[in-house]
Amino acid sequence: MRRALEALWRAATSPVTFVVLSIMWCVDLGAGSVAAYFNDPQFWVKMDRYPFNLWMQQVAPRTFPESLWVYILVVLSYLMVASLLLCTINWFLRRRKGIKGLGEFLVHLGFLLIFAGFVIGSALGVRAQVSLAIGERREVPGTALSLQLDDLQVVRSADGRPLDTLSSLRVYRDGQSPRRGTARTNHPFIWGTTVIYPPEDYGYGITGGIVGTDPGGAYLLGPGRSAPLKGDRVLALGGILQPGQRRGRAVGPGLLVVMRDRSGRVLDSAYLSRAPGMKEEDDLAGIKVTLGELTESTYGTYRVHRDQGVWIVITGTVILALGTVWALAGFLGLVPGMNRADVRTRGQDRDEAG
Amino acid sequence: MEATSSALHMSSLAFYGLSLVVYSLSRAVRGLPQKVAVWPALAGLFCQLVLLVLRWRAGNHLPVTGLFETQHFLALWVVMTGLYFSVRYWAYNFLPAAVGLAMAALIFASRGPKAVTPLTPAIDTPLFLIHIATSFAAYGLFGIAALVALFRLIGISGSPVNAEQRMLDESIYLGYILFTWAMIAGSLWAYLAWGSYWTWRIKGLWSWILWFYYSGVLHVRKRSGWQARPLDLLAIAGYALVLFTYLGLGLLFKTSHPLL
């Protein structure tokens, strides 16, 4: 029994086990990635929209058996990390020889932390998209945050080509005072584990309009602008379609006008549009609403990512990088006592494996 | 700058070609030592260094953007390593192979535009420059490792002091460390620019495959059962993987890392 357990421990902690698992991981990922691309060239773009766990829960079952290789990849990843962990523990317990091998130990530790951070981020992370016009504030789905766009400037080259954007943003978290920041390419707005990226899509378009009510008057609806009505009701903007845009039967340009009660519950809604064949007036909970002049402004669509594991990943990355520097120093002979050309014998291999 | 770049590019190619000619002559003419081939190789290297320094000054950024510059950077590392091995391990027999690989990279570089262009905001970050510089340096070293392995496999003595094992070891080890830095810089850049340090894009995935592959090679490279032939085959297969990750993906797929 003892011998069997020792043999099992030797197999589990052997670098060869890790290598075999690595090869299987590489083959699975390599073949799977190529097959997935040929099946759907947009496969990876779609996959990047979700945190990994959410993709596994919502998309992978729908695309089975094409997604089988991802399930295999997950199993192999866990096995590989378990092998690496046991290897590292075994190495630490048996081969503590001062600073010799510290570089390798740090590389392994860093990698384990990166994997742990990735698992946490995949399990708890959020990826959302928010479209905002200048001055508008909206909730970020899946978070307790709301985002406000204060300004959006397009940075242009000397010949007028758009190069970049600079967004001034405000993030609100339940009752706290807002955090202000900017987002531009390679310089997102980072707040703890939440990152707001510069807009992938921006432009100049309809951001609201004047809506006439009968009985009542005319109101300007837009980002952060609603109109109080009699009976504790509020008229607000529920959505916008730009010229030519379609959603179901609705065609742009037009506004989705909603009536809410004091608690924010939607009582009724109507879509008013200038597009041919669409209605410019409608009945909204007994009030006649008419589409007036549409207002235009600059808007942007922002990606908001929250990754709770990112600081563990960054810590792991720093440790891993330090490990490589130390290993390199040893390899170049800058660390006393480290021999860079030690080819081991079978006996030494066996000893190391336990 | 384009004319200067072309002139220096052609000069470096010519000097490397001369190095191959001199080496061939040294094999045929008694009294002409093989190490004479080092001098034209050094002249080619000097031309490349001048080219890259001038482009650095003209563009005001590390010259590692576009096919022309990246291939020059790769060739630079290949020749530097070949010269280092020649001087350190008397591996003058190996130098022509390294110079040949560098020439292949430079001929491929000729396909790329030679104009110095300003960095777009997306790549105007030190992380991009570190990512590309270390990637191509690593590619060069993995190429050298494959050449050393090939020499060993077909039984050509690359070094009279039997340092082939050490040459192979050094190229893979240093290449792996540089590639690790490339992956770290690339991941951080991806996090800041695109929203995640891990993206499910084919180029990134194959880069991880490459990293894991060489991690495996490093784990077995000193184990008794993996010495000699298995390690040589691993080094050659590794470079095939490098070529596929760099060229194959760029040519066959629409990737986030276009080739040209």
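Every value quoted in this text rests on a predicted model; they were computed, and no experiment measured them.

## Concerning the overall build of chain A
Counting secondary structure elements, chain A contains eight helices and 17 strands. What you see for chain A is a C-alpha radius of gyration of 29 Å, clearly larger than the 20 Å of a compact globule of 354 residues, by over 25%. Referenced to the eigenvectors of the C-alpha coordinate spread, the extents of chain A come out at roughly 95 × 45 × 45 Å. Counting only residues that meet the buried cut, chain A has 45% of its 354 residues in that class. Partitioning the contacts of chain A with sequence separation of at least 6, the portion at a separation of at least 24 is 52%. Accessible area for chain A stands at about 18,700 Å²; split by element, carbon and sulfur atoms hold 57% of it.

## A look at the state of the cysteines
All names here are of chain A. Scanning the entire structure with this criterion turns up zero disulfides over all chains. Of all cysteine sulfurs, the one in cysteine 87 lies closest to cysteine 26, which takes part in no disulfide; the gap is 16 Å. Residue cysteine 26 is classed as buried on the basis of its relative accessible area of 11%.

## A closer look at the interface of chain A and chain B
Taken together, the 56 residues of chain A in the interface contact 46 residues of chain B. Around 4,900 Å² of area is buried between chain A and chain B when both sides are counted, 67% of it from carbon and sulfur atoms. At the surface where chain A touches chain B, the tally comes to zero salt bridges. Between the two partners, chain A and chain B, sit 10 residue pairs in polar contact (both at pLDDT 80 or more). Among the secondary structure elements, those contributing two or more residues to the side of chain A that touches chain B are helix H2 (15-39), helix H3 (43-47), helix H5 (68-94), helix H6 (102-124), strand S4 (162-173), strand S17 (287-306), helix H7 (310-331) and helix H8 (346-353) of chain A. Per-element accounting of the side of chain A that touches chain B gives the leading share, 13 residues, to H2 of chain A. Counted by class, the side of chain A that touches chain B contains 33 nonpolar, 11 polar and 12 charged residues.

## A few points about the domain arrangement of chain A
Looking at the assigned domains, one finds that chain A contains domain 1 (2-125 + 318-353), domain 2 (126-202 + 302-306) and domain 3 (207-296). Of note, the centres of domain 2 of chain A and domain 3 of chain A, computed from C-alpha atoms alone, are 26 Å apart.

Rules and cut-offs
Residues numbered from 1 in each chain as written. Chains lettered and ligands numbered in written order. Predicted model: local features only at pLDDT ≥ 70, side-chain atom pairs only at ≥ 80, totals over all residues. Heavy atoms only, no water. Helix = DSSP H or I, 4+ residues; strand = E, 2+ residues; numbered from the N terminus. Rg over C-alpha atoms; globule rule 2.2 N^0.38 Å. Buried < 20%, exposed > 50% of the residue type's maximum accessible area, 1.4 Å probe, protein only. Contact = heavy atoms within 4.5 Å. Areas by Shrake-Rupley, 256 points an atom, 1.4 Å probe, with all protein chains shown as cover. Disulfide = S-S within 2.5 Å. Buried area = accessible area lost by both parts, 1.4 Å probe. Salt bridge = Lys/Arg side-chain N within 4 Å of Asp/Glu carboxyl O. Polar contact = N/O pair within 3.5 Å; in protein donor to acceptor, adjacent residues only side chain to side chain. Nonpolar A, V, L, I, M, F, W, Y, C, P; charged D, E, K, R; others polar. Domains from an automatic or database assignment.

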